[in-house]
Amino acid sequence: MLKMYENVGKGSKVMSEVYVFFATGFEEIEGLTCVDLMRRADIDVTTISVTGDRTVVGSHKIPVQMDKLFDEVDFGQAQMLVLPGGGPGTKNLEAFEPLMKQIDAFVNEGKAVAAICAAPSILGHRGHLNGKNAICFPGFEEQLVGAEAEKEVEVKVTFPEDYHAEVWERRLISVLPL
């Protein structure tokens, strides 16, 4: 189970390395936002292409340069795998058997695997959600085989002590036309 950390600031290492996988048709906001946020939190993140090409094109035709190709990855360095969603992207990730073998290995070793939007369906298809809470893109619930997809869960968000919402609010207001 992935541990949640409260009041983690710059310079605090909470994970050794996170690998985010990209296939043609990935949902850009799901893949790139998690990379951006983790890098801002000083978490080592590597973007990895499963296409055989370092440039992967998202579902909105945006080409994105990856850090590595799948064959260049040392999975012994990773503590967490992340699967962004996107209709075609999810199908393309699931069709890449070498990645599926790594997901199985991570789950069997108790390491963290995160899946976003449509991508939790991959974990459901592989039997990794049995008895677990899961959430997905609406309409994909039946793909979360074995999961408790309808159960409500409480989410607690704690911001760093040096986070000042009013400062960000003023910055946002200053750039938005009213």
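Residues numbered from 1 in each chain as written. Predicted model: local features only at pLDDT ≥ 70, side-chain atom pairs only at ≥ 80, totals over all residues. Heavy atoms only, no water.

**Student:** Which residues make up the nonpolar core, and what values do they have?
**Tutor:** Counting residues in hydrophobic clusters, the biggest one holds 22 residues, and the most contacted among them are Phe21 and Leu99. Those elements that provide at least two residues to this core are strand E1 (18-22), strand E6 (80-83), helix H3 (97-108) and helix H4 (120-125). For this core, the element with the most residues is H3, which contributes four residues. Look past the residues within four positions of Leu99 in its chain and what remains in contact with it is Phe21, Val50, Phe70, Leu83 and Leu93. (Core = buried A, V, L, I, M, F, W, Y, C linked by side-chain atoms within 4.5 Å. Buried < 20%, exposed > 50% of the residue type's maximum accessible area, 1.4 Å probe, protein only. Helix = DSSP H or I, 4+ residues; strand = E, 2+ residues; numbered from the N terminus. Contact = heavy atoms within 4.5 Å.)

**Student:** Mind laying out the side chain of Thr90, listing which residues take part and the relevant values?
**Tutor:** Considering the arrangement of structural elements, one finds Thr90 in helix H2 (residues 87-94). Setting aside anything within four residues of it in sequence, one finds Thr90 in contact with Pro84, Gly85, Ala118, Ala119, Ser121 and Ile122.

**Student:** Explain the confidence of the model for the protein chain to me, and be specific about the residues and the numbers.
**Tutor:** When pLDDT is averaged along the protein chain, the result is 82; 75% of the residues meet or exceed 70. Scored below 50 in pLDDT, residues 1-14 makes 22 contacts in the model with residues more than four places away or belonging to other chains. The model gives residues 174-178 a pLDDT under 50, and that stretch makes one contact with residues more than four places away or in other chains. (pLDDT = per-residue confidence, 0-100.)

**Student:** Requested: an account of the packing of aromatic side chains, with residues and values cited.
**Tutor:** A full pass over the atoms with the stated rule returns six aromatic pairs. Plain terms: the ring middles of Tyr19 and Phe75 are 5.9 Å apart, the flat faces sit at 75° to each other, and that makes the pair edge-to-face. Here the residue Tyr19 occupies a position in strand E1, and Phe75 occupies one in the loop between strand E5 (68-69) and E6, the gap between them amounting to 56 residues. Above the face of the Phe106 ring, Lys111 is positioned so that its terminal group lies 4.7 Å from the ring centre. (Phe/Tyr/Trp six-rings, centres within 6.5 Å; stacked < 30°, edge-to-face > 60°. Lys NZ or Arg CZ within 6 Å of the ring centre and 35° of its normal.)

**Student:** Give a description of the pairing of E6 that names residues and reports values.
**Tutor:** Of the two faces of E6, both are covered, the one formed by Met80 and Val82 as well as the one formed by Leu81 and Leu83. Two strands pair when backbone bridges link them, and E1 and E6 are joined in this way by three bridges, in the parallel orientation. Bridge pairing links Val18 to Met80 in E6. One ladder, built from four bridges, connects E6 with strand E7 (residues 112-115); its direction is parallel. Note that in E7 the partner of Leu83 across the bridge is Ala115. (Pairing = 2+ DSSP bridges.)

**Student:** With reference to specific residues and values, describe H3.
**Tutor:** With 12 residues, H3 should reach 16 Å at 1.5 Å per residue; the first-to-last C-alpha distance of 16 Å fits that figure. Among the residues of H3, Leu99, Met100, Ile103 and Phe106 are the ones counted as buried. The buried residues of H3 all sit within an arc of 120° when viewed along its axis, so they share a single face. Residues Lys101 and Asn108 are exposed on H3 and point more than 90 degrees away from its buried face. Check the buried side of H3 and you find it contacts E1, E6, H2, E7 and H4. Of the residues trailing H3, Gly110 is marked for its positive phi of about 80°. (Expected span 1.5 Å × (residues − 1). Arc of directions from axis to C-beta.)

**Student:** Pulling in residues and values, what's your account of the sheet that holds E7?
**Tutor:** Within the open sheet, the five strands sit side by side as E5-E2-E1-E6-E7. Their pairing is parallel. In the strand order of this sheet, the two ends are held by E5 and E7, each with one partner. With respect to the sheet, helix H1 (residues 28-40) is in contact with E1, strand E2 (45-49) and E6, its orientation differing from that of E1 by roughly 160°. Contacts from H3 reach E1, E6 and E7, with the element oriented near 130° to E6. (Axes fitted to C-alpha atoms, helices over the stretch in contact; angles between N-to-C directions.)

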